[in-house]
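Per-entry structural report
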Amino acid sequence: MESTTVGDHKRRPGGRTADVTERVREAVLELIVEGGYAACTFSSVAARAGVERSTLYRRFPDRWATIIDAFMARSALEIMPDTTGSFAGDLKSVLRKLAATLDGPLGPALMAAAAELRARQEADYPRAYFDQRVAQLKPMFDAAVERGELAADVERETLFSFAAGPIYFRMFIAGRAVDLAFIDTVVESVCWLYCGSGATERG
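Numbers given to residues run from 1 along each chain, matching the order in which its sequence is written. A pLDDT threshold of at least 70 governs which residues receive local features in this predicted model, and a stricter bar of 80 or more applies before side-chain atom pairs are shown or counted, although totals over entire chains, interfaces and linings include all residues. The side-chain quantities take in all heavy atoms of the structure and omit both hydrogens and water.

**Some points on empty space enclosed by the protein**
Formally: Here a cavity denotes grid points, spaced 1 Å and computed from the protein atoms alone, that fit a 1.4 Å probe unable to get out, and a pocket denotes an open set having protein on both sides within 12 Å along at least 5 of 7 lines; residues with an atom within 4 Å of a point are the lining. Grid points are joined across faces, edges and corners, and a volume is the space filled by probe spheres set on the points. Numbering of helices and strands starts at the N terminus; helices are DSSP runs of H or I of at least 4 residues and strands are runs of E of at least 2. Residues were grouped as follows: Ala, Val, Leu, Ile, Met, Phe, Trp, Tyr, Cys and Pro as nonpolar; Asp, Glu, Lys and Arg as charged; and all remaining residues, including Gly, as polar.
A full pass over the atoms with the stated rule returns 3 cavities of 30 Å³ or more. Of the volumes computed, that of the largest cavity is approximately 80 Å³. Of all the elements in the fold, those that place two or more residues in the lining of the largest cavity are helix 4 (63-78), helix 5 (87-102) and helix 6 (106-119). With 4 residues, the single largest contributor to the lining of the largest cavity is helix 4. A class-by-class count of the residues in the lining of the largest cavity yields 8 nonpolar, 2 polar and 2 charged.

Spelled out as structure tokens, the structure:
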């Protein structure tokens, strides 16, 4: 399975502010892969990104906010759906990219950070992360509703939990590989529960 490599995507234009933001995000991702969440102090992030610590203090309340921001920015680039013309095809593309990312260096780092947040009972950060993931997938859901594949009032958070949950469980709890056949089965099951006729056509 193809792995995600930190720092391998192109920087986007947007001036100095955007450049600083990108450097900070890259620094956070590199540090969390190298040393876990404990390595992502404001001092180490600032040094790696080549910015002043005061820059981080102005932008983020704590280091967890920098970690969530970095993960969200990366997921927006790497786990967005392809446009296939069907909800099943779009969802398969999302789950394939999710599995590839989780199978790469960021996967264990993400799960370790999530576990630490859970242990600290800092529930707002994981909740915000998941809410933003669902929001990022809004175009996929909107298109499916427009095509008549999903009901307009479908509970999108629950649907995505049903779809993504088996990926996390199989990889991090069961310790088994997530292959394309497994993803196809997950999508077919989700579409059987939620979609109209013809939605389970292979994408």
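**Points about the packing of helix 5 against helix 10 (residues 180-194)**
Stated precisely, the cut-off is as follows: Helix axes are fitted only over the stretch in contact, all axes being lines through C-alpha atoms; the angle between N-to-C directions runs from 0 to 180 degrees. Here the word oblique covers every angle except those under 35 degrees (roughly parallel), over 145 (roughly antiparallel) and from 65 to 115 (roughly perpendicular). Definitions for this section: a left-handed crossing has its near helix turned counterclockwise from the far helix by less than a right angle. A right-handed crossing has that turn clockwise. By definition in these notes, contact holds between two residues if any of their heavy atoms fall within 4.5 Å.
Interhelical geometry of helix 5 versus helix 10 gives an angle of 135 degrees and a closest axis separation of 10 Å. In this view, helix 5 runs oblique relative to helix 10, as classed from their interaxial angle. In the packing of helix 5 onto helix 10, the handedness of the crossing is right-handed. Contacts from F87, A88, L91, K92, L95, R96 and A99 in helix 5 reach L180, I183, D184, V186, V187, V190 and C191 in helix 10.

**With respect to a nonpolar patch on the surface**
Just so we agree on the cut-off: Residues enter patches when they are more than 30% accessible in relative terms and free of salt bridges; like-charged ones are connected within 9 Å and nonpolar ones (Val, Leu, Ile, Met, Phe, Trp, Tyr) within 5 Å. To measure how exposed things are, a 1.4 Å probe is used in the Shrake-Rupley method; for residues, cover is taken only from the protein chains shown. Should a side-chain nitrogen of Lys or Arg be within 4 Å of a carboxyl oxygen of Asp or Glu, the pair is scored as a salt bridge. Only protein chains enter the calculation, and the probe is 1.4 Å; a residue is then buried if its accessible area is under 20% of its type maximum, exposed if over 50%, and partly exposed in between.
Residues F162, W192 and L193 make up a contiguous nonpolar surface patch of about 410 Å² in total accessible area. Looking at the secondary structure, you find F162 in helix 9 (residues 156-173). What makes F162 partly exposed here is its relative accessible area of 43%.

**Description of the packing of aromatic side chains**
Formally: Under the pairing criterion, centres of Phe, Tyr and Trp rings, with the six-membered ring standing for Trp, must be within 6.5 Å; the plane angle then separates stacked pairs below 30 degrees from edge-to-face pairs above 60, leaving the rest tilted.
Enumeration according to the criterion identifies 4 aromatic pairs in this entry. Centroid distance F42 to Y57: 4.8 Å. Interplanar angle 65 degrees. Geometry classified as edge-to-face. Of the two residues, F42 is situated in helix 2 (residues 42-49) and Y57 in helix 3 (residues 53-59); the sequence distance between them amounts to 15 residues. Seen in terms of ring centroids, F162 and Y194 are 6.1 Å apart; in terms of plane orientation they differ by 45 degrees. Their pairing is tilted.

**As for the pattern of salt bridges**
All chains considered together, the criterion is met by 12 salt bridges. The salt bridge involving R25 is made with D69; its shortest N-O contact spans 2.8 Å. Placement of R25 in helix 1 (residues 15-35) and of D69 in helix 4 is noted, with a sequence separation of 44 residues between them. Classification of D69 by relative accessible area gives partly exposed; the value is 21%. A salt bridge links K92 to D184, with the nearest nitrogen and oxygen atoms 3.8 Å apart.

**Section: helix 5**
Along an α-helix, residues three or four apart share an orientation, since each turn contains 3.6 residues. How we decide: Every helix has an expected span of 1.5 Å times one less than the residues it contains.
In this model, helix 5 (16 residues) spans 22 Å end to end at C-alpha, consistent with the 22 Å of a helix rising 1.5 Å per residue. Within helix 5, 14 of the 16 residues are buried, leaving the element largely enclosed by the surrounding structure.

**Here we look at the confidence of the model for the protein chain**
Using the following cut-off: Residue-level confidence of the predictor, termed pLDDT, takes values from 0 up to 100.
Here the protein chain averages 84 in pLDDT, while 85% of its residues score no lower than 70. Per-element averaging of pLDDT across the protein chain places helix 7 (residues 124-136) at the bottom with 76 and helix 10 at the top with 96. Within the model, the stretch residues 1-13 combines pLDDT values under 50 with 36 contacts to residues more than four positions away or in other chains. Low pLDDT, under 50, characterises residues 198-203; the stretch is placed with 16 contacts to residues that sit more than four places away or in other chains.

**Observations regarding the nonpolar core**
Test applied: The term nonpolar core refers to a set of buried residues drawn from Ala, Val, Leu, Ile, Met, Phe, Trp, Tyr and Cys, joined through side-chain atoms within 4.5 Å.
Counting residues in each nonpolar core, the largest one holds 56 residues, and the members touching the most others are V24, F87 and L95. Where this core is concerned, the elements lending two or more residues are helix 1, helix 2, helix 4, helix 5, helix 6, helix 8 (138-147), helix 9 and helix 10. Per element, the largest residue contribution to this core is 8 residues, and it comes from helix 5. Each residue touching L95, except ones within four places of it in the same chain, is listed here: A163, A164, I167, I183, V186 and V187.

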